[in-house]
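If you want the building blocks of each chain, they are given just below.
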Amino acid sequence: MGIGELDREAHVPEVTGAAAAPRTLAEALRARGDEGLAALLRARPDLLSPVPNDLTQLATRAGTRGSVVRALERLDRFALQTAEALAVAQDPAPYPVLLGLLTGDEGDAEIEAALPGAVALLREQALVWGEDDRLRLVRTARELLAPSAQHPSPTGLGPTVAEATSGMSPGRVQEIIAAAGLPTTHDPVSAVAALTGLFTDRDRMGALLDTASPDALSVLDRLVWGPPYGEVTAKPAAPVQWLRDHGLLLPVSPRTMVLPREVALHLRGGRAHRMPEPLAPEPGVLREYRPQVVDSAAAGQAQLALATVEELLKSWDRGGPPVLRAGGLSVRDLKRTAAALDVSEETAAFWLELCHGAGLLAADGEADERYAPTPAYDDWLDLPPAERWALLVTPWLTATRTPGVAGGQDTKGRTLSVLGPDLDRSPAPEVRHRVLGLLATLPPGSSAEPESLFARLRWERPLRGASAAEEGGDLRSRLARWALAEAELLGLTGRGALSGPARALLNLPLAEAASAGALGGGVELSVAAGRAATLLAPLLPEAVDHVLLQADLTAVAPGPLRRPLADALAVLADVESKGGATVYRFTPGSVRRALDSGQTATDLHEFLKAHSRTPVPQPLAYLIDDVARRHGHLRVGAASAYVRCDDDTVLGEILADRRSSSLGLRRLAPTVLAAQTDPASLLDGLRSMGYAPAAESTTGDVLITRADAYRTGARTAPVPVPDGPPTPDTTLLGAAVKAIRAGDRAATAVRKEPAAAPTAAGALPRTSAAETLATVQAAAMTGSAVWIGYVNAEGGASQRVIAPVRVEGGFVTAYDHTADEVRTYPLHRITGVAELADDQV
């Protein structure tokens, strides 16, 4: 925005009549009530950083390019189309002209009904100001939305006749108006005005087009809806030449012609947009289910989500994969995680990012950095299932990290890694809330037709779709598609329909659809999450304390197991299949794992007998006894490593086995073998050969392998990247409006200027120390207010309106109308003082 525009939009006139139409944006803001100013600051919170000193500064800030761009990006499609129509209209534009640009000659009842709301929205956000007979679009917005060769308008319109002929020779202009049947003029300005009058006169314009050939009309048809520019040869065809001679096409360069805006509007029937969209598209219903079916399906998915998170983090109990040098998880480790969870890589990325966002997973921060669960994971495990679910979905709603973009590339061509940097997409939380909010507008138990949902989101924020160049498409639609899939994985939706707990989480009514404006509702998210957990708890299956042992060395858990039983069984057996009933399989390796943890065969037999509703099968008992009989027969310790055994024939078998060649074994004594490898590798090698060795300490005692988990240090969850300044609360808005009003009163107060030293407009008053002291003392005695200039300790200058109460000791104590509080000012920092005019006292 140029200096002249700032002056036009922010200048404060000396006298403004109460009923006079505003002449500047600052005057329009000054005429608003406190609620109107609060609505502006709520819609455009960037205007609050920092709080403007007065309304003139607020108007100036509201016209800056960055702020206007942010405001335009948050407009819905029809409000944006309204602003685009104002950008191609005359400035200022009467309301009927704007209405005609949107409805065209034929009119449109829906547009007529929706336009007042769109204009009111643009006024509220200070993008449009002025009365209905003089609507003005803020100049920065006009520059952004008006057609130009470098930035075509979404309307498809080109420049006006005056703009297109600005560099044309006067003789050429006279030739055009003569070919159009108009009398020649004495100057190009009147000639352009005459040509414009012809193109905006429907009758005369229709008569001119009646003389055009079908081929010439075909050329106009190709340009009428944009783009309005076309290339021509050095010797254009006859139809193009006719259009050029009559000014229906105007040259912008030797090889480029443009269709003037007035001609295009005539051919369009006066409509600026090909397809105005005054009404938001409604999401369509894909399928309908009973709400109980939806809640049951969602609860089942929520249970699966808890099991998946637990399985993932338990597999990383002893430390997960390493962190890449640039941050994040390698593609190979992501594939391994996906295979372990039996899900796709995209789904595995979601679970990893979910755990990371909930603070359950982090890098350990060591030199050889690895991922591992955090201490918060142990606390999470101790909570009831419904509360654990709430602690997963709450950070998901507000997270800006987007696992869906992993695998793509950033602006520098680097691959984006799961758990790595640059995965934040600030619109993600808003899109998730809008997707769930739109699902809530459907009848309970109804799932939405996805494309209609995406169309609604595009209508609500048409400029936000492809805001990031690297996304390669409609970002909001992609975020919405991911939000639908992730909500189903988390159990917020069941069969695509919003569940009862999800409505509670979003503070939506449970029995009826809620409007989009109900989101948030003034209820803290943590309170809403507790309410959602309460509704989910009875829908989740109760934990069981028993299993069903079978003769094929498997155990069936008929439901989710209680925590101690689940932990113990996970050591003794391997999970074979998951679902409504989990199947565990007992193997020699799993039994040896239990023995390594310090349990004996007797302990295992008693454990199974106590927790099985069926008798312990004989094959399982034999398996435990057989593994226990061989467990610890061999002893491995550190020399580099050694093996000792009381039975020297067993050591002879190991030496004779070809598979032991890689271990570098040699006999030191009849019952001792030395190895050229470390104890852990030696243990693994012997176990792969079918033996069951036990590790021992330097004193010869058997080392018991506890299932102790490795944890990172205390870690905080990643902080979401805000999508611009946060929306201010009611208290902050009230204080900000009060401060702006007070500052504006001080800035616009009419004061009496000293006769000897008149003060320039906008400058601080200058008076001598004696005059300053005398004036403030007189004001303290009479109880009147004065206008002062003040310089604080940091050198910042300001002007204030104060009512002195006491003057003593080199200080003046006064009620500061600007700050709306009593303050004390050193007299030596007051640059000058002036009395207020009589009508301001």
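Anything mentioned here points back to the structure above.
Residues numbered from 1 in each chain as written. Predicted model: local features only at pLDDT ≥ 70, side-chain atom pairs only at ≥ 80, totals over all residues. Heavy atoms only, no water.

Draft legend 1. How the structure looks around the pairing of strand β23 (residues 811-816). Bridging between strand β22 (residues 797-808) and β23 involves six bridges; their strand directions are antiparallel. If you follow Pro 804 over to β23, its bridge partner there is Ala 814. Connecting β22 to the next strand, β23, in antiparallel fashion are two residues, including Gly 809 with a positive phi near 65 degrees. Taken together, the six bridges between β23 and strand β24 (residues 821-826) define a ladder with antiparallel strand orientation. Following the sheet pairing, Asp 816 is matched in β24 by Glu 821. Hairpin connection between β23 and β24: a loop of four residues separates the two successive antiparallel strands, and Asp 820 in this loop has a positive phi of roughly 60 degrees. (Pairing = 2+ DSSP bridges. Helix = DSSP H or I, 4+ residues; strand = E, 2+ residues; numbered from the N terminus.)

Draft legend 2. Seen up close, the pattern of salt bridges. Considering all chains together, one arrives at 35 salt bridges under this definition. A salt bridge links Asp 744 to Arg 30; the shortest N-O distance between them is 2.7 Å. Here the residue Asp 744 occupies a position in helix α33 (residues 730-748), and Arg 30 occupies one in helix α2 (residues 25-30), the gap between them amounting to 714 residues. By relative accessible area, which is 6% here, Asp 744 ends up buried. Here Arg 336 makes a salt bridge to Asp 333, at a shortest N to O gap of 3.5 Å. Of this pair, Arg 336 and Asp 333 both sit in helix α18 (residues 331-341), separated by three residues, roughly a single helical turn. Residues participating in the shared-partner salt-bridge network are Glu 282, Arg 434, Arg 456 and Glu 460. (Salt bridge = Lys/Arg side-chain N within 4 Å of Asp/Glu carboxyl O. Buried < 20%, exposed > 50% of the residue type's maximum accessible area, 1.4 Å probe, protein only.)

Draft legend 3. Representation of the side chain of Thr 677. Structurally, Thr 677 is set in the loop between β19 (672-675) and α32 (679-688). You can call Thr 677 buried: its relative accessible area is 16%. The contacts of Thr 677, once residues within four sequence positions are left out, are Ser 640, Ala 641, Leu 663 and Leu 682. (Contact = heavy atoms within 4.5 Å.)

Draft legend 4. Structural view of the packing of aromatic side chains. Under the definition given, this model contains three aromatic pairs. With centroids separated by 6.1 Å and ring planes inclined at 25 degrees, the aromatic side chains of Tyr 377 and Trp 380 adopt a geometry described as stacked. With Tyr 377 and Trp 380 both in helix α20 (residues 375-381) and three residues apart, this pair spans about one turn of that helix. A centroid spacing of 4.9 Å and a plane angle of 70 degrees characterise the contact between Tyr 790 and Tyr 825, whose relative ring orientation is edge-to-face. Separated by 35 residues along the polypeptide, Tyr 790 in strand β21 (residues 786-791) and Tyr 825 in strand β24 bring together distant segments of the chain. Judged by relative accessible area, Tyr 790 falls into the buried class, the value being 11%. Directly above the ring of Trp 380 sits Arg 388, whose terminal nitrogen or CZ lies 5.3 Å from the centroid. (Phe/Tyr/Trp six-rings, centres within 6.5 Å; stacked < 30°, edge-to-face > 60°. Lys NZ or Arg CZ within 6 Å of the ring centre and 35° of its normal.)

Draft legend 5. Local environment of unusual backbone geometry. In this chain, Asp 91 is followed by Pro 92 through a cis amide linkage whose omega measures 0 degrees. A cis amide bond, omega -5 degrees, links Gly 226 with the succeeding residue Pro 227. Structurally, Pro 227 can be placed in the loop between α14 (214-223) and β3 (229-231). Positive phi outside glycine occurs at Asp 342, with the angle close to 60 degrees. When you line up the elements, Asp 342 lands in the loop between α18 and α19 (345-357). Of the residues examined, Asp 342 reaches a relative accessible area of 67% and is grouped as exposed. Even without glycine at this site, Arg 495 takes up a positive phi of about 55 degrees. You can see Arg 495 is positioned in the loop between β10 (493-494) and β11 (497-498).

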